[in-house]
Amino acid sequence: MIRLQPRAMPSKLMGYLAPVIALCLTLLSGLILFALLGVPIGEAFHAFFIEPVSTLYGLSELGVKAAPLILIGVGLSIGFRAQVWNIGAEGQLILGGICGGAVALYFYEVEAWYVLPLMMLAGVIGGMLWAAIPALLKTRFNANEILTSLMLTYVAGLLLSFLVHGALRDPDGYNFPESRLFHDAALLPVIMEGTRLHIGAIVAVFVVVAGWVLLSRTMLGFALKVNGAAPRAGAYAGFGQKRLIWFSLLFTGGLAGLAGLFEVAGPIGQLLPTISPGYGFTAIIVAFLGRLHPVGVLFAGLVMALSYLGGESAQITLNLPVAVTGVFQGLLLFFLLATDVLINFKIVRNVRRQL
Amino acid sequence: MYRKTVLAKKLLAAATGLLLTTFSGILSADDPFKIGFVYVGPVGDHGWTYRHDIGRQAIEAEFGDKVETTFVESVPEGADAERVIRKLASSGHGLIFTTSFGYMNPTVKVAKAFPKVKFEHATGYKRADNVSTYSARFYEGRAVLGTIAGMMTKTNTVGYIASFPIPEVVRGINAFTIAMRKVNPDATVKVVWVNTWYDPGKEADAAKALIDQGVDIVTQHTDSPAPLQVAQERGVMGFGQASDMSAFAPDAQLTSIIDNWDNYYVERARAAMDGSWASEDVWAGIDSGMVDFPEYGAMVPDDVKAAADVIKESIVDGSLHPFQGPIKDQSGKVIAEEGATIDDGTLLGMDFYVEGVQGTLPK
C-alpha cells in the first residue's frame, strides 16, 4: 500500500519552484497531447506560445488580457493569506463596471478632465460596496463568505443585464441591450498608439508593488499573515479579526471594481450584458498559481493570459478546437496541486508489520 | 539520453517542417482565398453556431482548394472579440464573417483598420464600405410554426422559451402568437426568459416548468435541443430551433426553422473573390431559402400540413405578411389597422407584446 505522510519541514524552495515545475509538466504533457492528435509539436508550440506574442500588438494584447487578472489576483492573494475566501470577485468586477459606466453615461458628451477619475472612483466604490455585503454578513452573522460572495456574483450579472436592457440602454440602438459607446473623455488613454494597451496595465504593475510592500513591510500585512496561519495567535496578539475580514474584502472588491471599470472604459468602450469572460474566477487560479505572492501573481497572470491568446491562435493557425485552452488550464492547475501535495507530503510504502 | 535525442530530433524535424511550410507559403503564387468565421458558441451546439459552420462547409465544398476557411469558436462578446477579429484580419483573411450581434462594434472598429478586408456581420445594424450586415426574416418561419401550434394545441397554451428581450426575439414571439391566434383565437403563449442563448440545463428546466404549467407545445428561441428532448420525455410536442433537431426528439418535433446560410455564404465568398463584393444590408426570408424547414413530424396531420404550406406559399408570393393588421398590443391598443402592415423600422426595434402573450415584457 502507498500512502501520504506529512513532511515535518516542507521545502520552502520547492514551494516557489512548484509553479515552474507544474508549468514544465503542463508543457510536456501538452506537447505529448499534440503529438497524439497528429499535430506537429513544433508548430503547436509555436502557435500556442510564440505566435501570440511575436508582434508588438500581440504583446500589448497580453497586457490587456493580463491586467484584470493581475489586479484581482493581487487582491485575492492578500485576502486568501488571511483565510478570507472571497470567491465573488467576478461580481465585484461587474459592479465596478456598472458604477463606472453609469458615470460615463451620465457625463455623456461632457468633454472634461474629471470624467475619467470620477469613473475610476465610482468603479472602486462599486466593487467595494458589493464586497461589503459578504463582509457585513460574515462579521455580523458569521455567514460563510464563500457562499455569499459567490451568490452575489449572479445577482451582479443580472443587475447589469437589467440595466443594459433598460435604464442604461442606447436610445438609438434599436432596443438592443447595449449602452451608448462611451464618449472620448470617458475612455482610458492608450499607452501605445495602434494597440489597446491602456493605463490599467501600468496600474496593475503598481498594485503588484503596493501589494508586495503591504504584505512584507507593514504591520497590517503581518497581521493578515498571522491571522491566516494561526487565527488564535492572531487574536491573542490583538489583531482584530473583524477588521482584517473587512479589509480583505474591501481591498479585493475595490481592485476588482477597478478592473471592471478598466474593461468597460478600455477595450470594450461601452456597457454590454456581459463585460467579463470570467476574470474574477480565473483570478482565483492566478492567485494560487502565483503562490499568493503579488510578484508571483504578476507572472501567473501573464501565463494565464497567454494560454487564452494561445488558444485563439491555435484555432486560427492549426484549426484546433477551443477546448485545447481549457485542457491546458486544467493541466496546469492539476500539476500545481499535484506538486503541492508532494511538497507537503511524502509517499511512503506501508510495510506490513510482523506480529 | 536516448529519449532526449529522439525528442530533439523530433523538434528539429518539426522546426524544419515549419520553415518549409513558411517558404512554400511565400513561393506559391496562387494562394487560396482565406475566409474567417467568428462563432459565439461551440460548433457542436446543434443550433445557431452549428448552422453557420454548415455554411462555412458549403463554401469549402463549392470552391475546394481555391479557399481556405478558419473559424474561432466560443468567442465571448466583449473585449476578446476585437482581438480575434483583428487576428483574422491581420493573418491574411480577405473575408470575415462575425456571426453574433455582440460583435457589431468590434467588427466596425477592426474594419476601419483593415479597409481591404471585407466583413460580414450577422444581425447588426452598423455598416461601412467594407462591412455588410445580413440576417434572416426568421419571423416568417415563426408564423408557420404558430399556425401549426394553433391547430395542434389541446390545452390552448403554448410555451415559449426565450433568450434575451431583444427585438429579434420579441418579433419572433409576436409573429408566432399572431399566426397562432388566427387559426385558434383562444390560444395564448406563456414566455419564459432564460437569459442565455445556449445553456442546455437552463433550457431544459424552463421546458419542464412550462409543461408543469399545462402547455402541450414548447417552442424555443435558444439554441440547444434540450427543450425538445424534455418535450419528448414528457410526451408533449415542440419545434426545433436553427436546425433540424428531429434526431434528438423524433416523436416531439413538429417541424423546425432551419437557418440556411449556405447560399448566402457561397455567393458572398464568390463576390469577394471576383471583386464584385459591395457593402449591403440583407434581410432575407423564406423566398431566399435562408429561412428553411425540414420535413414535418410524423404526428402532423394532413390538414395542418396543408395549412402550414399555404402560409409558407403566401409569404413567398407576398400575399401574406406575418405582421399584417389587425394587430393589437397586450393592452388592446391597435398597432396596425385592418389591411395595414407593420413596417420594417418598427419590426427592427420591436419592444412590445401583441395580444395573446401572457406576462409582461422585461425591460
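Residues numbered from 1 in each chain as written. Chains lettered and ligands numbered in written order. Predicted model: local features only at pLDDT ≥ 70, side-chain atom pairs only at ≥ 80, totals over all residues.

## Re unusual backbone geometry
What counts here: Here the C-beta atoms are placed from the backbone, and a residue counts as buried if at least 20 other C-beta atoms lie within 10 Å of its own, exposed if 12 or fewer do, and partly exposed otherwise.
The peptide bond linking Gly 325 of chain B to Pro 326 of chain B adopts the cis configuration, its omega dihedral lying at 5°. You will see that Gln 83 of chain A, though not glycine, has its phi angle at about 60°, which is positive. In this structure Gln 83 of chain A comes out as partly exposed when scored by C-beta crowding, with 16 C-beta atoms within 10 Å. Phi angles above zero are rare outside glycine, and Glu 109 of chain A is one such case at about 70°.

## Some details on the pairing of strand β9 (residues 237–242) of chain B
Residues and elements named next belong to chain B. As a reminder of what qualifies: To qualify as a helix, a DSSP run of H or I must reach at least 4 residues; to qualify as a strand, a run of E must reach at least 2; elements of each kind are numbered from the N terminus. Strand pairing is assigned whenever DSSP detects at least two bridges linking the two strands.
Most of β9 is tucked away: six of the six residues are buried. Bridge count between strand β8 (residues 217–220) and β9: two bridges; the pairing is parallel. By the bridge assignment, Val 218 is partnered in β9 with Gly 238. The pairing of β9 with strand β10 (residues 253–259) spans four bridges and is classified as parallel. Each residue of the ladder has a partner; that of Ala 242, found in β10, is Ile 258.

## Describing the interface of chain B and chain A
Quick note on the threshold: Throughout, a residue-residue contact means that the two C-beta atoms, derived from backbone geometry, are no farther apart than 7 Å. In this classification, the charged set is Asp, Glu, Lys and Arg, the nonpolar set is Ala, Val, Leu, Ile, Met, Phe, Trp, Tyr, Cys and Pro, and all remaining amino acids, among them Gly, are polar.
Contacts between the two partners involve 35 residues from chain B and, on the opposite side, 28 residues from chain A. Elements supplying a minimum of two residues to the side of chain B that touches chain A: α1 (2–27), β2 (67–72) and α3 (79–90) of chain B. Looking at the side of chain B that touches chain A, the element that brings in the most residues is α3 of chain B, giving seven residues. Looking at the side of chain B that touches chain A residue by residue, the class counts come to 17 nonpolar, nine polar and nine charged.

## Looking at the nonpolar core
It is characteristic of soluble globular proteins that their nonpolar side chains tend to be buried jointly. The cut-off we apply is this: Note on terminology: a nonpolar core is a set of buried residues of type Ala, Val, Leu, Ile, Met, Phe, Trp, Tyr or Cys, with members joined through C-beta atoms within 7 Å.
Grouped together as the largest cluster of nonpolar side chains are 107 residues, with contacts concentrated most on Ile 70, Leu 71, Ile 72, Met 119 and Ala 265 of chain A. Take this core: its biggest share by element is 14 residues, from helix α10 (residues 241–268) of chain A. Setting aside anything within four residues of it in sequence, one finds Leu 71 of chain A in contact with Ala 204, Val 207, Leu 255, Leu 258 and Ala 259 of chain A. Val 84, Leu 95, Trp 197 and Val 304 of chain B belong to the second-largest nonpolar core, a separate cluster that totals 102 residues.

## Observations concerning the sheet that holds strand β6 (residues 157–162) of chain B
Residue and element names in this part refer to chain B. Strand order in the open sheet formed by six strands is β7-β6-β8-β9-β10-β12, with mixed pairing between adjacent strands. In this open sheet, the two strands that pair with only one neighbour each are β7 (188–193) and β12 (291–292). The pairing of β6 with β8 spans four bridges and is parallel. Among the inter-strand pairings, Ile 161 is bridged to a residue of β8, identified as Gln 220.

## Some details on helix α9 (residues 262–274) of chain B
In an α-helix, one turn spans 3.6 residues; hence positions three or four apart end up facing the same way. Residues and elements named next belong to chain B. Our working rule: Here, expected helix span is obtained from the residue count minus one, scaled by 1.5 Å. Here, the arc refers to the directions that run from the helix axis to the C-beta atoms.
With 13 residues, α9 should cover 18 Å at 1.5 Å per step; its first-to-last C-alpha distance of 18 Å lies within 8% of that length. Of all the positions in α9, only Asp 262, Tyr 264, Tyr 265, Arg 268 and Ala 269 are classed as buried. Along the axis of α9, the buried positions cluster into a sector of 170°, meaning they face one direction only. In this structure, the buried side of α9 is in contact with β1 (33–38), α2 (48–63), β2, β3 (93–98), β4 (118–122) and β5 (131–136). Phi turns positive one or two residues past the end of α9, at Gly 275, with a value near 85°.

Geometric descriptors of this kind do not, in isolation, establish any biological role.
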